[in-house]
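Residues per chain, in single letters:
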Amino acid sequence: MRYWVRALCLSLALLIYYNLFGVVWEDRGTVRKNAPAAYILPSEFTRVLAFGQHGLLSDFLFLKTLTFVGGRSQSDEAMAEDDWLFVHKSLGVITDLDPYFVDPYMLAEGLLAWDARRPEEANEILRKGVKYRDWDWRFPFFIGFNSYYFLQDYETAATYIMQASKLPGSPEYLKTLGARLAYYGGKSKTALLFLKQMLAETDEPLLRRRLAMRLEALEGAVQIEEALDRYHEKRGQMPERLGDLVAAGYLLVMPKDPYGGEWVLMKSGRVFSTSKFAESESGH
Amino acid sequence: MIEVEVRDVAKTYNPGLFKKNVRAVNGLSFKVNGGEVFGLIGPNGAGKSTTIRMVMGLVRPDVGRILFRGKELSGTSFRREIGYLPENPYLYDHLTLEELLFFAGRTSGMEKKEIRLRAEELVERLCLTDVHARPLRTFSKGMLQRAGICFALLHDPSTLILDEPMSGLDPVGRKMVFDLVMELKRQGKTIFFCSHILNDVERLCDRIGLLNKGCLVREFSRNELLQINDGLLFLETRILELVEIEQIEQLGGRVREFEGGHLVAIPTEEYFSLNRYFEQSGIPVKGGRSEWLSLEDLFVEIVQEQAR
Amino acid sequence: MKTIYALAVITFKEGIRNRALFGVAFLALFLFGLNITVAGFFMRDIGKVTVDMNLSAISFAGLLLVFFVGVNLMGKDIDRKTIQLVLSKPLSRGQYVWGKYLGILFFVSVSLLLLLAFSTSTVLLVKLLYANYFIGFSFWLFWVAGFFVLLKLWVLSAIMIFFSSLTSNSLLALIFTLSSYVVGVSIEEVVYYLQTELAGQERMISDSLVSFVHVVSYFLPNLAVFDFTVEAAHGLPLSLERLILSFGYGVVYAVILLLLASFVFTRREFN
């Protein structure tokens, strides 16, 4: 008798639990979506509170950061200023806790430099990587790239690329690239070479996708620029519109801007797109 | 009336993963009658504690039945009639004896006032009055044993089941518990206990069961034990020769080996004839004994026989 | 009911007189003290940091209580066979489980209320010192968050009772409870991480892993449900619905575990 009473209670409780379970998790979903970017304690305190488990805490925080960014992009919400601040702070703390952990640096490059257009912040974190992982040529290479590509600071870029080229395992052509940077910094071709190398060195999927897209855009730009050069050589002047290149047979087809913009010929003779190669406008 | 009945019970333990099963009790049957003191004796590992735990419902037998007052063990109410003292009771560290006894009383359905009176009485009886408000962690082993007895007796049960009630007690404590059990026996309570201390068992029990390797080897009443020695005189002698032993037995005496010599049992009416024979053969009498076979002798004899 | 209460009372007394309590109280006081000293290091959001640190200190001290004192309250009974003595009284196994849980509940609640009182005075002190930085702060939210820390400990105690009823080794019960806690705290992050990864299709995640995590999320409590630190720290509005939902989730989960524990316990033998 008592057995049946208890069994009944249990099945009832299980039923309630099953129903509550769905509601609670659903509720958590909304709560998480509305949650402001979490506050990150400065690493001086985090280190104390980690109770010796620095590695584990850094792993956990990393996971949390990934999930946070993923959640925002999944719900098609733009990252707010505060959100980027959180990502920057949290990546800083993670790399303070475990400065040899490669993944957060990669994330810093992908998110802060490419998504948020905060190359200085990315470089700040990456410099920690240069300091600790001083055998790893990728870190000075990334800083060099950011300085060249986003900051147009060719001098700094050249210095870091030279530094990277001296580290073991770095590709041969980094030496030429470093030298070339100082003279032809402004050319799309240089950027193209750079990007190809970046793509070869990255296995972070988020960053890879961005790089591939940008590479495609740049290849288009380079193609047009090369056609322009040929046009200029033959005719001694620039075309009125870019469409003339196709009409005159210098280009078979006009390459597509993967970001969805229109190609524009600038006064300087360089080619640019109305999309400004910015992903946010095209969405993903 | 039969209080506790154990019928063809067997129990095998699984001591843990990848270990061989241990057979603790095998085909055990016995009865404890109302108002009697029944003692279970046996060497270590004979299955005494297991038997008691099965009677308490803490362990379930694999086969067989255990009846309390003719009914199967079920529910909890039967335990209101039982007071149980486990082997080497461990009591709560930070509680006082007072609080522990209060708990015992409340769970047995007693009123607060009743508990207080009864606890006072028991605590005084077992000389724990000075310490009853101290945490139990400060108690010595003997004090804990006595506190455990208070715990078992608080609700004035009609049946007592005690696992090694005398262990850890000093002579004074043992006397205290001994007198208490005698008094409970006089009050008509049924007492079922197991012990190593055969002297106590011999003096307390109406009936004794000898357990060895999970089986009840022998069961005898105190009268049977007394009868063995009734109407006989016991004389210690040197080692006797075979001819001498034959002669003594022809004259009505009995002989057994005893502590580096022989012990001769002489019926009182044959005393003179045997005495004459001793005189003639020059057999020295080293001393007298009061019993032919003590419980201890019997115990050792039976256990050794089983081992063979 | 009288029986359960009597057992709960001695369990509570046994716990509350444990010396380890002083250690935990000392640690908590140290953390509160640290909070007062450290508060000035922050330039803005002092209120937020204070609430964070206080709730963390309470939660941490409470966990220590459950894991080091609470586990022993039931585990030692079985370890040291005191349970044979207790069960010799007219007390069913189910009553034993509920009585023990109730006792641990009393113990944890009283200790936590004391800690919360200490903590409240700490917050009050910091608030007096830096009044300008406590704009969104309300004690009401702070206490709600504190109460849910307590609820989390109740759930953990139920988990502990459940594991204690399965094994006769209190260390094993401790390890199982501790692991459940670690998983319970992070399960939500893992589940949502998998969801975003799956949606992104960027990495290959095996289906079996996803379903495994899904099943685990049913068996173990999602302890993030009881975390209202962010709301308390920033003074964000809390819906009553969410409070009731979280409360119900915790209570139902604990009740299920206790029912299971009493089932298991009824079948157990005590050698």
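Computed from a predicted model, the values in this text were never measured in an experiment.

The next subject is the side chain of T229 of chain C. Here T229 of chain C shows up in helix 9 (residues 229-234). Side chain to side chain, T229 of chain C and D227 of chain C meet in a polar contact 2.4 Å long.

Moving on, we come to the pairing of strand 10 (residues 215-221) of chain B. Residues and elements named next belong to chain B. In this structure, strand 9 (residues 207-212) lies alongside strand 10, joined through six bridges in antiparallel fashion. Counted as the bridge partner of L211 is L216 from strand 10. Hairpin remark: strand 9 followed by strand 10, antiparallel, with two residues in the connecting loop; positive phi at K213, about 50°.

Attention now moves to the domain arrangement of chain B. Per the domain assignment, the segments of chain B are domain 1 (2-226) and domain 2 (230-290). Each of domain 1 of chain B and domain 2 of chain B was reduced to a C-alpha centroid, and the two centroids are 43 Å apart.

Of the residues lining the interface, 33 residues belong to chain B; the matching set on chain C comes to 32 residues. Approximately 3300 Å² of surface area, both sides summed, lies buried where chain B meets chain C, with 54% of it carried by carbon and sulfur atoms. Together, Y90, Y92 and H94 of chain B form the three largest contributors to the area buried by chain B at its contact with chain C, with a combined 23%. Inspection of the region where chain B meets chain C yields five salt bridges. Across the salt bridge formed by K11 of chain B and E269 of chain C, the nearest N and O atoms sit 2.9 Å from each other. Summed over the shared surface of chain B and chain C, the number is 18 residue pairs in polar contact (both at pLDDT 80 or more). Elements with a minimum of two residues in the side of chain B that touches chain C: strand 1 (2-13), helix 1 (48-56), strand 6 (82-85), helix 2 (97-107) and helix 4 (141-153) of chain B.

For the rest of this paragraph, the subject is the UniProt feature "transmembrane region" (unreviewed entry) in chain C. Residues and elements named next belong to chain C. UniProt tags residues 20-43, 55-75, 96-118, 130-151, 158-183 and 243-265 as "transmembrane region" (unreviewed entry). As a span, residues 96-118 carries 100% helix and 0% strand, and end to end its C-alpha atoms are 33 Å apart. As annotated, residues 130-151 comprises 59% helix and 0% strand, and the C-alpha atoms at either end are separated by 31 Å.

This paragraph deals with unusual backbone geometry. You will see that E164 of chain B, though not glycine, has its phi angle at about 50°, which is positive. Even without a glycine there, the phi angle at K81 of chain C is positive, about 65°. Assignment of secondary structure puts K81 of chain C in the loop between helix 3 (46-79) and helix 4 (82-86). Under the relative-accessibility criterion, K81 of chain C is labelled partly exposed at 39%.

Among the nonpolar cores identified, the biggest contains 246 residues, and V87 and W114 of chain A together with L128 of chain B are the most heavily contacted of them. When residues of this core are assigned to their parent elements, the largest contribution, 19 residues, is made by helix 6 (residues 139-166) of chain C. Each of domain 1 (2-226) and domain 2 (230-290) of chain B contributes no fewer than three residues to this core. Other than its neighbours up to four places away in sequence, W114 of chain A contacts E109, F145, Y149, F150, L195, M198, L207, R210, L211 and R214 of chain A.

Within the structure shown, the criterion is met by 43 aromatic pairs over all chains. Note on F147 of chain C and W154 of chain C: the rings are 6.0 Å apart at their centroids and 85° apart in plane angle, and the pair reads as edge-to-face. For F147 of chain C, a relative accessible area of 31% translates into the label partly exposed. Note that R6 of chain A overlies the ring of F263 of chain C, its terminal NZ or CZ placed 5.8 Å from the centroid. Here K89 of chain C stacks its cationic end above the ring of F151 of chain B, 4.6 Å away from the centre of that ring.

Below, the discussion takes up the interface of chain C and chain A. Quoted interface sizes are often the accessible area lost when the parts come together. Across the contact, 42 residues belong to chain C and 39 residues belong to chain A. Summing both partners gives a buried area of about 3900 Å² for chain C against chain A, and 72% of it is carried by carbon and sulfur. For chain C, the biggest contributors to the area lost against chain A are E189, Y218 and F263 of chain C; these three give 17% of the whole. Across the pair E188 of chain C and R28 of chain A runs a salt bridge, and its minimum N-O distance is 2.7 Å. Linking chain C to chain A there are seven residue pairs in polar contact (both at pLDDT 80 or more). Elements with a minimum of two residues in the side of chain C that touches chain A: helix 3, helix 7 (170-200), helix 8 (207-219), helix 9 and helix 10 (240-266) of chain C. The element best represented in the side of chain C that touches chain A is helix 10 of chain C, accounting for 13 residues.

Analysis parameters
- Residues numbered from 1 in each chain as written.
- Chains lettered and ligands numbered in written order.
- Predicted model: local features only at pLDDT ≥ 70, side-chain atom pairs only at ≥ 80, totals over all residues.
- Heavy atoms only, no water.
- Helix = DSSP H or I, 4+ residues; strand = E, 2+ residues; numbered from the N terminus.
- Polar contact = N/O pair within 3.5 Å; in protein donor to acceptor, adjacent residues only side chain to side chain.
- Pairing = 2+ DSSP bridges.
- Domains from an automatic or database assignment.
- Contact = heavy atoms within 4.5 Å.
- Buried area = accessible area lost by both parts, 1.4 Å probe.
- Salt bridge = Lys/Arg side-chain N within 4 Å of Asp/Glu carboxyl O.
- UniProt positions renumbered as here; feature names shortened; annotations may be inferred.
- Buried < 20%, exposed > 50% of the residue type's maximum accessible area, 1.4 Å probe, protein only.
- Core = buried A, V, L, I, M, F, W, Y, C linked by side-chain atoms within 4.5 Å.
- Phe/Tyr/Trp six-rings, centres within 6.5 Å; stacked < 30°, edge-to-face > 60°.
- Lys NZ or Arg CZ within 6 Å of the ring centre and 35° of its normal.

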